[in-house]
Amino acid sequence: MAVAESSPLTTHVMNTSDGVPGAKMALSLHRLDTRLMIWSMISVGTTNEDGYCPGLISREAFIPGMYKLRFETGSYWEGLGKTSFYPYVEIVFTIHYPAERFHLPLLMSSFSYSTCRGN
Amino acid sequence: MHMIIAMSPSPSPLTTHVLNTALGVPGSNMTLRLYQQQPLTTVWHRITTGTTNGDERCPGLITQEQFKPGVYKLHFETGQYWASMGQTSFYPYVEIVFTISDLGQRYHVPLLVSRFSYSTYRGS
């Protein structure tokens, strides 16, 4: 039975205001096209009930370069009836060694956020 | 006794500071730029370019007159900052996009950064 290889790049959204996963948040992954100097969208998704979004990118497509994860935080908080200081959050990062695994969590409230490189 | 009060320009209603959380020191000499988004075209218009000083702050980001409701972006040259210390960084730069709605308030948008993590919050 073929098993889809999991994405080498993963994320996890946590709503630190309410102490719950950031579920149903729209997000997208982009890679910088260095010839044209524009961002190309690789995938679009929505976090699940646990705040994860599997299948961001395949191992084959994960080449060295500059990437951007964009989280639609404004829409997320609007959906909860709140305003947010941040209409969206974009995390731009550089991948030199795509054979590694990269886990980029987003811990956020409507007035703060943080991220780190995990694996 | 006379008190002579020097007339000085109003401080910027928007401020920032940068902390190097890896070393527990101010993030000094980091270049940053403030942009304002044009509401109709959504094009980013650069307002200021600055560098954090010895206290990790960058005064004079924007004047009260320029400060209108809307979407702003602070762009921090974090990659350059770490490179100047001979180190690599996971983040080539950090951009924080935020919405200003109430001009009567003061806004403080700090960046706490290491080579592999960063955080920000809305202060005042």
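As the structure is a prediction and not an experimental result, all values here were calculated from the model.

Novice: Just checking my understanding: could you explain the environment of Phe62(A) for this structure?
Specialist: All names here are of chain A. On the secondary structure map, Phe62 appears in the loop between strand E4 (38-46) and strand E5 (65-71). Counting along the chain gives 36 residues from Phe62 to Pro98, while the straight-line C-alpha distance between them is 6.1 Å. Filtering out sequence-adjacent residues up to four positions away, Phe62 remains in contact with Pro8, Leu9, Ile57, Tyr67, Ile95, Pro98, Glu100 and Phe102.

Novice: Please explain the sheet that holds strand E7 (residues 94-100) of chain B as it appears in this structure.
Specialist: Two pairing modes exist for strands in a sheet, parallel and antiparallel, and in both the strands are linked by backbone hydrogen bonds. Residue and element names in this part refer to chain B. Spatially, the four strands line up as an open sheet ordered E5-E4-E6-E7, and their pairing is antiparallel. Two strands bound the open sheet, and with one partner strand each, they are strand E5 (44-51) and E7. Between one strand axis and the next, the sheet turns by 20 degrees as a mean value, whatever way the strands run. Note: strand E4 (residues 31-37) against strand E6 (residues 70-76), five bridges, orientation antiparallel. Pairing of Leu32 across the sheet is with Phe76, part of E6.

Novice: Honestly, the interface of chain A and chain B in this entry has me stumped. Any pointers?
Specialist: By convention, interface size is frequently given as the accessible area that disappears when the constituent parts associate. Taken residue by residue, the interface counts 21 residues in chain A and 21 residues in chain B. Note on chain A versus chain B: buried area summed over both sides is about 1,800 Å², and carbon and sulfur give 62% of it. Ranking the residues of chain A by area buried against chain B places Phe85(A), Val92(A) and Tyr113(A) at the top, with a combined share of 33%. The interface formed by chain A and chain B holds zero salt bridges in total. Along the contact surface separating chain A from chain B lie six residue pairs in polar contact (both at pLDDT 80 or more).

Novice: Explain the pairing of strand E3 (residues 26-33) of chain A to me, please; I cannot follow it from the model alone.
Specialist: Regular strands show a simple pattern: their side chains alternate between the two faces of the sheet. Residue and element names in this part refer to chain A. Judged from the eight bridges that link them, E3 and E4 form a sheet pairing that is antiparallel. Across the sheet, residue Asp33 finds its bridge partner in E4, namely Ile38. Taking the residues that link successive antiparallel strands as the turn, the E3-E4 hairpin has four residues, and the phi of Met37 there is positive, at about 55 degrees.

Novice: For this particular structure, what's the right way to read the packing of aromatic side chains?
Specialist: What characterises a pair of aromatic rings is the spacing of the ring centres plus the angle enclosed by the ring planes. For the structure on display, the rule yields 16 aromatic pairs over all chains. On the basis of an interplanar angle of 25 degrees and a centroid distance of 5.4 Å, the ring pair of Phe93(A) and Phe90(B) is categorised as stacked. Here the residue Phe93(A) occupies a position in strand E6 (residues 89-95), and Phe90(B) occupies one in the loop between helix H1 (78-83) and E7, the pair thus bridging two chains. Note on Phe93(A): relative accessible area 0%, which makes it buried. Just above the ring of Tyr88(A) sits the side chain of Arg70(A); from NZ or CZ to the centre is 3.8 Å.

Novice: Can you help me understand the pattern of salt bridges in this one?
Specialist: For side chains of opposite charge, pairing can occur when their charged atoms come near one another. In total, this model carries eight salt bridges over all chains according to the counting rule given. In this structure, Glu49(A) and Lys24(A) form a salt bridge, with 3.1 Å as the shortest nitrogen-oxygen distance. Taken together, the positions of Glu49(A) in the loop between E4 and E5 and Lys24(A) in the loop between strand E2 (20-21) and E3 put the pair 25 residues apart, joining distant regions of the chain. Here the two residues Glu49(A) and Lys24(A) agree in accessibility, since each one is exposed. The salt bridge partner of Lys73(B) is Glu95(B), with a shortest N-O separation of 3.6 Å. Linking Lys73(B) in strand E6 with Glu95(B) in strand E7, this pair joins segments that are 22 residues apart in sequence. There is no split in this pair, since Lys73(B) and Glu95(B) are both buried.

Calculation rules
Residues numbered from 1 in each chain as written. Chains lettered and ligands numbered in written order. Predicted model: local features only at pLDDT ≥ 70, side-chain atom pairs only at ≥ 80, totals over all residues. Heavy atoms only, no water. Helix = DSSP H or I, 4+ residues; strand = E, 2+ residues; numbered from the N terminus. Contact = heavy atoms within 4.5 Å. Pairing = 2+ DSSP bridges. Axes fitted to C-alpha atoms, helices over the stretch in contact; angles between N-to-C directions. Buried area = accessible area lost by both parts, 1.4 Å probe. Salt bridge = Lys/Arg side-chain N within 4 Å of Asp/Glu carboxyl O. Polar contact = N/O pair within 3.5 Å; in protein donor to acceptor, adjacent residues only side chain to side chain. Phe/Tyr/Trp six-rings, centres within 6.5 Å; stacked < 30°, edge-to-face > 60°. Buried < 20%, exposed > 50% of the residue type's maximum accessible area, 1.4 Å probe, protein only. Lys NZ or Arg CZ within 6 Å of the ring centre and 35° of its normal.

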